[in-house]
There are 2 protein chains.
Amino acid sequence: MKHNDIPKPEKDKLIIGIDLGGTKIGIALVNRNGQIKDYLKTSTLAEQGREKVVGRLLQNICHMINKSRENDNEISGIGIGIPGPVNSKLGIVNFAPNLPGWDNVPIKNILEKELNIPVKIENDANAAAWGEKIYGVAQGVNDLICITLGTGVGGGLILDGKIYHGKNFYAGEIGHMVVNKEGPQCNCGGYGCLEVYSSATGIRNRIFLKIEESKKNETISRAIAEIDFNIGLAKIFQQAREGHPVFHEIVNEAIEYLGMGITSLVNLLNPEMIVLAGGIANEGDNLLKPIKKIVFQRAMSSHLEDFKLVLGSLGDFAGVIGSAALFWDAEK
Amino acid sequence: MKHNDIPKPEKDKLIIGIDLGGTKIGIALVNRNGQIKDYLKTSTLAEQGREKVVGRLLQNICHMINKSRENDNEISGIGIGIPGPVNSKLGIVNFAPNLPGWDNVPIKNILEKELNIPVKIENDANAAAWGEKIYGVAQGVNDLICITLGTGVGGGLILDGKIYHGKNFYAGEIGHMVVNKEGPQCNCGGYGCLEVYSSATGIRNRIFLKIEESKKNETISRAIAEIDFNIGLAKIFQQAREGHPVFHEIVNEAIEYLGMGITSLVNLLNPEMIVLAGGIANEGDNLLKPIKKIVFQRAMSSHLEDFKLVLGSLGDFAGVIGSAALFWDAEK
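Reading the values: the criteria
Counting starts from 1 at the beginning of each chain's written sequence and moves along it residue by residue. Just so you know, chain letters begin at A and ligand numbers begin at 1, following the order they were written in. In keeping with the predicted nature of the model, local features appear solely for residues at pLDDT of at least 70, side-chain atom pairs appear and are counted solely at 80 or more, and the whole-chain, interface and lining totals rest on all residues. Side-chain descriptors were evaluated using all non-hydrogen atoms of the structure, hydrogens and water having been removed beforehand. By nonpolar core is meant a set of buried Ala, Val, Leu, Ile, Met, Phe, Trp, Tyr and Cys residues that side-chain atoms within 4.5 Å join together. The buried label goes to any residue with under 20% of its type's maximum accessible area, the exposed label to any with over 50%, and the partly exposed label to all in between, with areas taken from a 1.4 Å probe on protein chains only. The criterion used for residue contact is that any of the two residues' heavy atoms lie within 4.5 Å. When DSSP finds two or more bridges between a pair of strands, those strands are recorded as paired. The secondary structure listing takes helices from DSSP runs of H or I that are at least 4 residues long and strands from runs of E that are at least 2 residues long, numbered from the N terminus. A fitted line through C-alpha atoms serves as each axis, taken over the contacting stretch for helices, and the angle formed by two N-to-C directions is quoted from 0 to 180°. Each aromatic pair joins two rings of Phe, Tyr and Trp (for Trp, the six-membered one) with centres within 6.5 Å, and gets the label stacked for planes under 30 degrees apart, edge-to-face for over 60, and tilted for any other angle. Charge-over-ring placement is defined geometrically: NZ (Lys) or CZ (Arg) within 6 Å of the ring centre, and within 35 degrees of the ring normal. Two parts placed together each lose some accessible area under a 1.4 Å probe, and adding up what both lose gives the buried area. Counted as salt bridges are all cases of a side-chain nitrogen of Lys or Arg within 4 Å of a carboxyl oxygen of Asp or Glu. In protein, a polar contact means a hydrogen-donor-capable atom and an acceptor-capable atom, both N or O and within 3.5 Å, with residues adjacent in sequence counting only if both atoms are side-chain atoms; elsewhere, any N or O pair within 3.5 Å suffices. Here the term charged refers only to Asp, Glu, Lys and Arg, the term nonpolar to Ala, Val, Leu, Ile, Met, Phe, Trp, Tyr, Cys and Pro, and the term polar to all other amino acids, Gly among them. Only residues with pLDDT of at least 70 in both copies count here: their C-alpha atoms drive the least-squares fit that superposes the copies.

Things to note about the nonpolar core
Then comes step 1: Grouped together as the largest cluster of nonpolar side chains are 108 residues, with contacts concentrated most on Leu276 of chain A together with Leu276 of chain B.
Then comes step 2: Dropping the residues within four chain positions of it, leucine 276 of chain B is found in contact with Ile147, Leu149, Ile262, Ala281, Leu287, Leu288, Ile291, Leu309, Val310, Leu311 and Gly312 of chain B.

Here's the deal with the sheet that holds strand S8 (residues 144-149) of chain B
Residues and elements named next belong to chain B.
Then comes step 1: Strand order in the open sheet formed by five strands is S10-S9-S8-S11-S12, with mixed pairing between adjacent strands. At either margin of the open sheet sits one strand with a lone partner, and together these are strand S10 (162-163) and strand S12 (308-311).
Then comes step 2: For strand S9 (residues 153-159) and S10, the ladder comprises two bridges, and the chain directions are antiparallel. Bridging from a neighbouring strand, leucine 159 pairs with lysine 162 of S10.
Then comes step 3: Relative to S8, helix H8 (residues 245-269) is tilted by about 160°, and along the sheet it contacts S8, S9, strand S11 (273-277) and S12.

Some remarks on the pairing of strand S2 (residues 24-31) of chain B
All names here are of chain B.
Then comes step 1: With respect to burial, S2 is a largely interior element, seven of its eight residues being buried.
Then comes step 2: Looking at chain direction, strand S1 (residues 13-20) and S2 are connected through seven bridges and run antiparallel. Across the sheet, the residue bridging to glycine 17 is alanine 28, located in S2.
Then comes step 3: Where S1 folds back on S2, the antiparallel hairpin that results is connected by three residues.
Then comes step 4: Strand direction decides the pairing type here: S2 and strand S3 (residues 36-43), joined by seven bridges, are antiparallel. Bridged to leucine 29 within S3 is aspartate 38.
Then comes step 5: The antiparallel hairpin formed by S2 and S3 contains four residues in its connecting segment, where glycine 34 sits at a positive phi of about 80°.

Concerning the packing of aromatic side chains
Then comes step 1: For the structure shown, the criterion picks out eight aromatic pairs over all chains.
Then comes step 2: Pairing phenylalanine 95 of chain B with tyrosine 170 of chain B gives two aromatic rings, centres 6.3 Å apart and planes at 45°, and the pair type is tilted. Taken as a pair, phenylalanine 95 of chain B in the loop between strand S6 (92-93) and helix H2 (107-115) and tyrosine 170 of chain B in the loop between S10 and helix H4 (194-198) lie far apart in primary sequence, 75 residues in all.
Then comes step 3: The class for phenylalanine 95 of chain B is partly exposed, based on a relative accessible area of 29%.
Then comes step 4: The ring of tyrosine 257 of chain B carries lysine 181 of chain A above its face, with NZ or CZ at 4.8 Å from the centroid.
Then comes step 5: Lying over the aromatic face of tryptophan 328 of chain B, arginine 32 of chain B brings its terminal NZ or CZ to 3.8 Å of the ring centre.

Quick look at the interface of chain B and chain A
Then comes step 1: Contact with chain B, which involves 45 residues of that partner, is made by 45 residues of chain A.
Then comes step 2: Carbon and sulfur atoms make up 56% of the area that chain B and chain A hide from each other, which totals about 4100 Å².
Then comes step 3: Counting the surface chain B buries against chain A, the share from its top three residues, Lys181, Leu268 and Arg298 of chain B, is 19%.
Then comes step 4: The tally of links between chain B and chain A comes to four salt bridges.
Then comes step 5: At the junction of chain B and chain A, the tally comes to 28 residue pairs in polar contact (both at pLDDT 80 or more).
Then comes step 6: When residues of the side of chain B that touches chain A are traced back to their parent elements, those giving at least two are S9, H8, helix H9 (285-298) and helix H10 (301-304) of chain B.
Then comes step 7: Sort the elements by how many residues they give to the side of chain B that touches chain A and H8 of chain B lands first, with nine residues.
Then comes step 8: In the side of chain B that touches chain A, the residues fall into 20 nonpolar, 15 polar and ten charged.

A look at helix H3 (residues 124-134) of chain B
Residues and elements named next belong to chain B.
Then comes step 1: Counting buried positions along H3 yields ten of eleven residues, so the element is predominantly enclosed.
Then comes step 2: The set of residues buried in H3 consists of Ala125, Asn126, Ala127, Ala128, Ala129, Trp130, Gly131, Glu132, Lys133 and Ile134.
Then comes step 3: Looking at the buried residues of H3, the elements they touch are strand S7 (119-123), S8, S9, S10, S11 and helix H11 (318-325).
Then comes step 4: The N-cap of H3, judged by a side-chain oxygen 2.9 Å from the amide nitrogen of alanine 125 a few residues on, is asparagine 123.

Quick word on the pattern of salt bridges
Then comes step 1: Summed over all chains, the structure comprises 18 salt bridges over all chains.
Then comes step 2: Salt-bridge contacts for arginine 206 of chain A lead to glutamate 253 of chain A; the nearest nitrogen and oxygen are separated by 2.0 Å. Of this pair, arginine 206 of chain A sits in helix H5 (residues 200-213) while glutamate 253 of chain A sits in helix H8 (residues 245-269), and the two are 47 residues apart along the sequence.
Then comes step 3: The salt bridge involving glutamate 283 of chain A is made with arginine 241 of chain A; its shortest N-O contact spans 3.4 Å. With glutamate 283 of chain A in the loop between strand S11 (273-277) and helix H9 (285-298) and arginine 241 of chain A in helix H7 (residues 233-241), this residue pair connects regions lying 42 residues apart in the sequence.
Then comes step 4: Connected via shared salt-bridge partners are Lys167 of chain A together with Glu272 and Lys308 of chain B.

Things to note about the environment of alanine 240 of chain B
Residue and element names in this part refer to chain B.
Then comes step 1: Topologically, alanine 240 is positioned in helix H7 (residues 233-241).
Then comes step 2: Residue class for alanine 240 comes out buried when judged on its relative accessible area of 6%.
Then comes step 3: A C-alpha to C-alpha distance of 8.3 Å links alanine 240 and isoleucine 250, two positions ten residues apart in sequence.
Then comes step 4: Not counting chain neighbours up to four residues away, the residues in contact with alanine 240 comprise Phe247, His248 and Val251.

Here's the deal with the pairing of S1 of chain B
Residue and element names in this part refer to chain B.
Then comes step 1: Burial analysis of S1 places six of its eight residues in the buried class, which makes it a mostly covered element.
Then comes step 2: Across seven bridges, S1 lies against strand S4 (residues 74-82) in parallel orientation. Following the sheet pairing, leucine 14 is matched in S4 by isoleucine 75.

Here's the deal with unusual backbone geometry
Residue and element names in this part refer to chain B.
Then comes step 1: Its identity is not glycine, yet aspartate 72 carries a phi of approximately 65°, on the positive side.
Then comes step 2: Here aspartate 72 is to be found in the loop between helix H1 (50-70) and S4.
Then comes step 3: Of note in the backbone geometry, asparagine 270 takes a positive phi value of approximately 45° without being a glycine.
Then comes step 4: By the secondary structure assignment, asparagine 270 is in the loop between H8 and S11.

Notes on the relation of the copies chain B and chain A
Then comes step 1: It takes a turn of 180° to lay chain B on chain A, together with a shift of 0.0 Å along the axis; the resulting RMSD is 0.0 Å. The two molecules are tied by a two-fold rotation axis, judged by turn and shift. Of every C-alpha in chain B, the one belonging to valine 179 of chain B sits nearest the axis of rotation, 3.0 Å from it.
Then comes step 2: A share of 100% of interface residues in chain B that are also interface residues in chain A marks the association as one of identical surfaces.

Distances and angles like these do not, on their own, reveal function.
This is how it looks when you write it as structure tokens:
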């Protein structure tokens, strides 16, 4: 056997998956099985403007490329999840509320020109949904909705096995389904949106509003006297379970409205699965069980036959894994 | 030139479009341009059971076939709109609330065996939506929602240019989106569904309930003393416009909830067009204008960029034309 014939270990074909957030950028090297081979996290510093952020992206991508070359691996693509609506066909960011200056940015072209590697972009909630389909809890599922419960309430729709974008790539705004005709104004300009009640921001806002309102009521005000205004969401849910009057009421409403919104989604779209992901989903069964109870009481029995309501399985890495998964359009 | 060479007029290729309703069956001969060449209407007599109804269908289809043969035309397909969920792939009626005995009926196979002509079936609201896309107001539109406002509130979703069925062919239940968390029970078993407020049945029920409730209130009860319990919907809308206190309140709420539901659909699915069809849509601008006002005030501005909210253009023939259109999967 000549030296040349010694079989080399097969090169691992890797994708760089990027979760471009308003405050942090997550960058991962992901293999065909959805395993993370390397990961780094850096600050976005979005306020420095688009060019600086693109520069930071390039720098960190190059760092990852170099590291993978050291291990003799090839990067065959870069997938990026964007926190806003994107034209994923053309690779253009329409706008991103938390990234100043990112209006109509042809980020796919910019990066491909610099790096000479194929780039795909997608709205971050859509990417997370796709990640759950390709590598997560929704493998083999063709009709699924992924609800990301965090600062806002976002959503990704996978219908007939494909990400559904709508006419102008704006589809999936589950947080802006109207759940209360008489509800307060939402950041979007509308009124009574699900996000007002069931996002982390919404829950916090409503708690503090309730505290202000109830300051005149002595029995309640005694109970809430010790609330720390920087209280975390986990603590809010815990105190709600322990029966704190204000927390209990607001968290209960958050869950009720979420159950109502999910019931509408089940009746409207007849999905096989709805996946709850994002920060609030870390509450696990404490969140899942009461929502399940509402949905299975309220939705149409025909629609519930094969329906599953579950927690996402990719956790904090849903963003980077989902963005990498954009390069796989079939099951692994 | 020999006799044989004289060119015959080209045969018109016709489809039989059938609107199978709970009380009436509409059958039409429809040409490639969506024009109705012949039409007949007969009673369903659903209470006589499935076999009798199938017999009646066959008899009337044969009548249409014979008539079209007299004119030397060929029937190249039969499309049927069914008032319930159907597996349109297999041609099986899952069930139909207003057609006793129609559970798991392979109507496509039954009719094809008898007639030797290709048969396609579809849920009636989906067929109406498809009709508006192929021959009506939504020609060229790939993302559209058709809302049928009648006894109930039904819907057909056309997403990415195709009818969207969901996992088990139950998608499109727009009438069972939940619009009021605290609302009364709906026929579907759920609570606070859009149909409770904005269907013809819902509007009538709520008016009579209001009358019962307000009998103790003298000023209101004087105003409603003359209500005819068989009052038609057109009359209800007219009296609402003229300021009748009960009618005004209930019709106003019907419109508000419909506006709220449509806002959710716009934000969730980013459609290019929503078409209002069915009996209530006969109210025309009196219905369309106030709903438009709500939706364009409440929905996200990004989603409203290219969005159109319109009345259907196929009127009472949407059912038969849409069912015939099932044989055309591209624009005419």
